[in-house]
Amino acid sequence: MPPRVSDVMTAQPLTLPLDATLYEAARMMRDEGIGDVLVTFAGRLCGVVTDRDIVVRGVAESRDASRTPLGDVCTADLTILHPDDDTGTAARLMAEQAVRRLPVVDAEHRPIGILCIGDLAVVDGQRGPLSAISKAPPNN
């Protein structure tokens, strides 16, 4: 049986509220060496913003990063996981939705983790180049 999502996810993902700015998200990503931040409203997951979102939906559209709220650029139509889902389900959802990361939420829809494609590569027995790449530190 495949491991559960809670066994391999990154727990305590970084979050910002819906009204935080692109600038705040970009600084958090830089400082923490990550490529995404979960967006919340009243503590519940409502979106995800990636470094690519900031570039494509923010900078490329000449938005003021210090004034543009994450709600204007984040992806709100999310596929989510629950901690008891198995990693096989997660892999299937990633393939079906063509995404590289999935937020993990509790019963109240509060973010408790994030599962990235690299997490699944490591679960797959440490084989192949994706596993090695996934374990490498980020290139700041």
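Note that the structure is predicted; figures quoted are calculated from it, not measured. (Residues numbered from 1 in each chain as written. Predicted model: local features only at pLDDT ≥ 70, side-chain atom pairs only at ≥ 80, totals over all residues. Heavy atoms only, no water.)

A. Helix α2 (residues 22-32), seen in detail. Among the residues of α2, Leu22, Ala25 and Met29 are the ones counted as buried. All buried residues of α2 project into a common sector of 65° when viewed along the axis, lining one side. If you follow the buried residues of α2, they end up packed against β2 (15-17), β3 (36-41), β4 (44-50) and α3 (51-58). Of the residues one or two after α2, Gly33 is the one with positive phi, at around 65°. (Buried < 20%, exposed > 50% of the residue type's maximum accessible area, 1.4 Å probe, protein only. Helix = DSSP H or I, 4+ residues; strand = E, 2+ residues; numbered from the N terminus. Arc of directions from axis to C-beta. Contact = heavy atoms within 4.5 Å.)

B. Representation of the side chain of Thr40. Position of Thr40 relative to the elements: it lies in strand β3. Those residues in contact with Thr40 that lie beyond four places of it in its chain are Thr15, Leu16, Pro17, Leu18, Leu45, Cys46 and Pro111.

C. Summary view of the environment of Arg44. Assignment of secondary structure puts Arg44 in strand β4. Placed 67 residues apart in sequence, Arg44 and Pro111 show a C-alpha to C-alpha distance of 6.7 Å. In this view, Arg44 contacts Val39, Glu108, His109, Arg110 and Pro111; residues no more than four positions away in its chain are not counted.

D. Representation of the sheet that holds strand β5 (residues 101-105) within the structure. Spatially, the three strands line up as an open sheet ordered β1-β6-β5, and their pairing is antiparallel. Each of the sheet's edge strands pairs with one partner strand only, and the pair in question is β1 (10-11) and β5. Its contacts with the sheet put helix α4 (residues 87-97) on β5 and β6 (111-116), and the angle it makes with β5 is roughly 130°. (Pairing = 2+ DSSP bridges. Axes fitted to C-alpha atoms, helices over the stretch in contact; angles between N-to-C directions.)

E. Seen up close, the sheet that holds β3. Ordered by their spatial adjacency, three strands build an open sheet running β2-β3-β4, and the pairing between neighbours is mixed. Two strands lie at the open edges of the sheet, namely β2 and β4, each paired on one side alone. In this sheet, neighbouring strand axes are inclined to one another by 35° on average, regardless of whether the strands run parallel or antiparallel. With six bridges joining them, β3 and β4 adopt antiparallel strand pairing. By the bridge assignment for β4, Val39 is matched with Gly47.

F. Geometry of the packing of α2 against α3. Running from N to C, α2 and α3 cross one another at 145°; their axes reach a closest spacing of 10 Å. When the axes of α2 and α3 are compared, the crossing they make is left-handed. Residues Leu22, Ala25, Ala26 and Met29 of α2 form the contact with α3, whose participating residues are Asp51, Ile54 and Gly58. Partitioning the contact of α2 with α3 into residue classes produces five nonpolar, one polar and one charged. (Left-handed = near helix turned anticlockwise from the far one by under 90°. Nonpolar A, V, L, I, M, F, W, Y, C, P; charged D, E, K, R; others polar.)

G. Looking closely at the pattern of salt bridges. Scanning the model with the defined rule gives 10 salt bridges in all. Close ionic contact of Asp106 with Arg110 constitutes a salt bridge, the shortest N to O distance being 2.9 Å. Accessibility expressed as a relative area gives 15% for Asp106, which makes it buried. When its relative accessible area of 40% is taken as the criterion, Arg110 is described as partly exposed. Across the salt bridge formed by Glu108 and Arg110, the nearest N and O atoms sit 3.1 Å from each other. Where salt bridges share partners, they join Arg4, Asp7 and Asp84 into one cluster. (Salt bridge = Lys/Arg side-chain N within 4 Å of Asp/Glu carboxyl O.)

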